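# A look at the structure
Listed below are the residues making up each chain.
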Amino acid sequence: MQKYMFLFRGGDAARAAASPEEMQQHLRKWGTWFRGLGDKFKGGEPLDMTGKVLRGTGKALSDGPFAETKDLVGGYAIVEASSLEDAVEIARGCPIFEHDGILEVRPIREMKM
């Protein structure tokens, strides 16, 4: 089995317009989806919207991350799947799409040390 990273982007505008009850219902869908992954789910967390960015050879430090909201990574998950196509099929069930969000599926390369 190969590991894949799911990067969750966007969907914030639609979530901001949701009522507290709608938001709770949406969060329950996320919980149901993650529980449904079973032992394929290897970890992941939501990310805070604050942070710092280091850039270039001089390692210039700035506040960040700076990106358009739709491009900002809001969280990640690591899953195991038999192929990239299988990982994409798993991703199709994610509730992020209900809020017009983006889910990027990336194979994780194993590092040989």
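The notes below deal with the structure included here.

Here is what the cut-offs are and how they apply
Residues numbered from 1 in each chain as written. Predicted model: local features only at pLDDT ≥ 70, side-chain atom pairs only at ≥ 80, totals over all residues. Heavy atoms only, no water. Helix = DSSP H or I, 4+ residues; strand = E, 2+ residues; numbered from the N terminus. Buried < 20%, exposed > 50% of the residue type's maximum accessible area, 1.4 Å probe, protein only. Areas by Shrake-Rupley, 256 points an atom, 1.4 Å probe, with all protein chains shown as cover. Lys, Arg positive; Asp, Glu negative; His and termini not counted. Charge placed at Lys NZ, Arg CZ, Asp CG, Glu CD. Arc of directions from axis to C-beta. Core = buried A, V, L, I, M, F, W, Y, C linked by side-chain atoms within 4.5 Å. Contact = heavy atoms within 4.5 Å. Phe/Tyr/Trp six-rings, centres within 6.5 Å; stacked < 30°, edge-to-face > 60°. Pairing = 2+ DSSP bridges. Axes fitted to C-alpha atoms, helices over the stretch in contact; angles between N-to-C directions.

The helix and strand tally for the protein chain stands at 3 helices and 6 strands. In the protein chain, the order of α-helices and β-strands from amino to carboxyl end is β-α-α-β-β-β-β-α-β. C-alpha extents for the protein chain along the principal axes are approximately 45 × 40 × 20 Å. The proportion of buried residues among the 113 residues of the protein chain is 27%. Total accessible area on the protein chain is roughly 7,900 Å²; 55% of this is exposed by carbon and sulfur atoms. Across the protein chain, 16 positive and 17 negative side-chain charges occur, with their mean positions spaced 5 Å apart.

On to helix α3 (residues 84-91), then. Within α3, the full set of buried residues consists of A87, I90 and A91. Projection of α3 onto a plane perpendicular to its axis shows the buried side chains occupying an angular sector of 100 degrees, all on one side.

Turning our attention to the nonpolar core. In terms of nonpolar packing, the biggest core is built from 16 residues, with Y4, F6, F8, W33, C94, L103 and V105 touching the most fellow members. Elements supplying a minimum of two residues to this core: β1 (2-9), α2 (20-37), β5 (73-81), α3 and β6 (102-107). Apart from residues lying up to four places away in sequence, Y4 is in contact with A77, I78, V79, A81, S83, L84, A87, V105, R106, P107 and I108.

One pass over the full model with this rule turns up 8 aromatic pairs. Summarising the aromatic geometry, the rings of F6 and W33 are spaced 6.3 Å apart at their centres and angled 20 degrees between planes, so their arrangement reads as stacked. Taken together, the residues span a long stretch of sequence, with F6 in strand β1 and W33 in helix α2 at a distance of 27 residues. When its relative accessible area of 10% is taken as the criterion, W33 is described as buried. A connected cluster of aromatic rings, assembled from ring pairs, spans F6, F8, W30, W33, F34 and F41.

Before going further, it helps to spend a moment on unusual backbone geometry. Notably, K59 is not glycine yet its phi reads approximately 55 degrees, a positive angle. Residue position: K59 is located in the loop between β3 (51-55) and β4 (60-64). Residue class for K59 comes out exposed when judged on its relative accessible area of 58%. We note that D100 has phi near 60 degrees; this positive angle belongs to a residue other than glycine. Structurally, D100 can be placed in the loop between α3 and β6.

This brings us to the sheet that holds β1. Whenever strands of a sheet pair, they do so through backbone hydrogen bonds, lying parallel or antiparallel. The 4 strands lie next to each other as β2-β5-β1-β6, forming an open sheet whose pairing is antiparallel. Since the sheet does not close on itself, it has two edges, and those belong to β2 (41-46) and β6, each with one partner. This sheet shows a mean twist of 15 degrees between the axes of neighbouring strands, independent of strand direction. Where β1 meets β6, 6 bridges bridge the pair, whose relative direction is antiparallel. Bridge pairing links F8 to L103 in β6.

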